[in-house]
Amino acid sequence: MSTSTAISADAWGTPVPVLSFGPVVLPVPGRPVDLQVRVSAPATGTDLAVILLSHGQGPSNNLSSLNGYAPLVNSWAAQGFVVIQPTHLTSRTLAHLVADAPGAPFFWRSRSEDMSHILDRLDMIEKAVPLLSGRIDHAKVAVAGHSFGGFTAGLLLGAQVTDPDEGGEVSLLEPRIKAGVLLAAPGRGDVLNGPMGDALPVFRTIDFSTMTTPALVVAGEKDDSRHFTDMGPDWHADPYTLAPGPKTLLTLFGAEHGLGGIAGYDAAETTDENPERVAALARLTAAYLRTRLHPGDPAWQAAREALTAGPDPIGRIESK
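Keep in mind that this is a model prediction, so the values were computed, not measured. (Residues numbered from 1 in each chain as written. Predicted model: local features only at pLDDT ≥ 70, side-chain atom pairs only at ≥ 80, totals over all residues. Heavy atoms only, no water.)

Visitor: I'm lost on the layout of surface pockets in this one. Help?
Guide: If you roll a probe as big as a water molecule over the atoms, it shows you where there is empty space left. In this structure, the largest pocket occupies an estimated 630 Å³ of space. Along the walls of the largest pocket sit 35 residues, with Q57, G58, H146, S147 and H257 positioned nearest its centre. By volume, the second largest pocket amounts to about 480 Å³. Considering the residues around the second largest pocket, the lining is formed by 26 residues, among which P102, G103, F107, W108 and R109 are closest to the centre. The biggest single contributor to the lining of the second largest pocket is helix α3 (residues 108-120), with 6 residues. Looking at the lining of the second largest pocket, its residues break down into 15 nonpolar, 4 polar and 7 charged. (1 Å grid on protein atoms, 1.4 Å probe; cavity = no way out; pocket = protein on both sides within 12 Å on 5 of 7 lines; lining within 4 Å. Points joined across faces, edges and corners; volume = space filled by probe spheres on them. Helix = DSSP H or I, 4+ residues; strand = E, 2+ residues; numbered from the N terminus. Nonpolar A, V, L, I, M, F, W, Y, C, P; charged D, E, K, R; others polar.)

This is the structure in structure tokens:
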């Protein structure tokens, strides 16, 4: 196992030591390989809320695993969250081990089930990570996901799909999760006309009308996913448009699918690298979850006023 300390910054730019520990290995019966997670947390503080982070797919070997998304993870941890990152079976780091496993290559159901397994073993994870025992508030749990991870997060928040192989509606709602953030998540299925629509038929069946858990949907103003649909960037707003409230939509000005580079520091495949955008997004998402998990906390109102109402706003926000 490896332990590292990163110096990140809280919402006000003050340096905050962050501890990162992994992998924590969780045996899961029936899973073709053990579930491995990375845990990141501030070095101090108690009653810490949890963010479960679901990685996307992507062309890199390690960004789509427990080793990715450091720009978000370090910032969230610095702002007082315990961030838990699983390596889903879809990760390229596992491709040679799971290529013939049931559900390959996309493992859409397993991705959501990973998060429930983590919550089932939260006590064990807390005790396994040095300096973390007794510091987590197990009642305050959120989920976040980018791209395919946004689809995973949507299912955990209540969206339903039809199993393309077996038929029948599937609900993977996780009631222990109280709020979520969907980052560049896929939208409705009836507009899929790109090659990935055939590769991922489960995307054609997603029903957002049952996604009742509060969520912040983040969409890039220039995120045009032609490999799925010619609907344009509005497709990524569907989890907001088609779901019942309470929901909030953050549209990031100028952002493409990487939202400025959230998947990793200096990632070559980020087409819209913008560290300032990533930092602002990390502050906004943390503030949203803090207010959702701690009713009455003014963090969300303060952050949205600072970052969307100033002379150089990073985006626009609407809610329902």
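Visitor: Is there a simple way to explain empty space enclosed by the protein in this structure?
Guide: Summed over the entire model, instances satisfying the criterion amount to 1 cavity of 30 Å³ or more. As a volume, the largest cavity reaches approximately 30 Å³. Taken together, L19, V39, S40, A41, V129, P130, L131, L132 and R135 form the lining of the largest cavity. The dominant element in the lining of the largest cavity, judged by the number of residues it contributes, is strand β3 (residues 35-42), at 3 residues. Tallied by class, the residues present in the lining of the largest cavity amount to 7 nonpolar, 1 polar and 1 charged.

Visitor: Hey, could you run me through helix α1 (residues 70-78) in this one?
Guide: Of all 9 residues in α1, 8 are buried, a share of seventy percent or more. Those residues of α1 that sit buried are P71, L72, V73, N74, S75, W76, A77 and A78. One or two positions beyond α1, positive phi appears at G80, with a value near 105°. (Buried < 20%, exposed > 50% of the residue type's maximum accessible area, 1.4 Å probe, protein only.)

Visitor: How should I be thinking about the pairing of strand β9 (residues 179-183) in this particular structure?
Guide: In regular strands, side chains alternate between the two faces of the sheet. Within β9, 5 of the 5 residues are buried, which leaves the element mostly enclosed by the surrounding structure. Residues A179, V181 and L183 of β9 are buried on one face, and the alternating residues G180 and L182, pointing to the opposite face, are buried as well. Bridge count for strand β6 (residues 136-146) against β9 is 5 bridges, and the pairing is parallel. Residue pairing for β9: G145 is matched across the bridge by L182. Here 4 bridges tie β9 to strand β10 (residues 215-220), and the two strands are oriented parallel to one another. Note that in β10 the partner of L182 across the bridge is V217. (Pairing = 2+ DSSP bridges.)

Visitor: I would appreciate a short explanation of the packing of helix α8 (residues 275-293) against helix α9 (residues 299-308) in the present structure.
Guide: Relative orientation and spacing of two packed helices are given, respectively, by the angle between their axes and the distance between those axes. It is at 7 Å that the axes of α8 and α9 come closest, and there the two elements cross at 155°. In terms of orientation, α8 and α9 fall into the roughly antiparallel class. Handedness of the crossing formed by α8 with α9: left-handed. Facing A280, R283, L284, A287, Y288, R290 and T291 of α8, the residues of α9 in contact are A299, W300, A303, R304 and L307. Split into classes, the residues belonging to the contact of α8 with α9 amount to 8 nonpolar, 1 polar and 3 charged. (Axes fitted to C-alpha atoms, helices over the stretch in contact; angles between N-to-C directions. Parallel < 35°, antiparallel > 145°, perpendicular 65-115°, else oblique. Left-handed = near helix turned anticlockwise from the far one by under 90°. Contact = heavy atoms within 4.5 Å.)

Visitor: Help me understand the packing of α1 against α8 in this model?
Guide: Running from amino to carboxyl end, α1 crosses α8 at an angle of 45°, the nearest separation of the two axes being 9 Å. Of the possible angle classes, the one that applies to α1 and α8 is oblique. The element α1 and its partner α8 pack so that their crossing is right-handed. When α1 is examined against α8, the residues P71, L72, S75 and W76 are found in contact with a partner set consisting of V278, A282, T285 and A286. Its residues assigned to classes, the contact of α1 with α8 shows 6 nonpolar, 2 polar and no charged.

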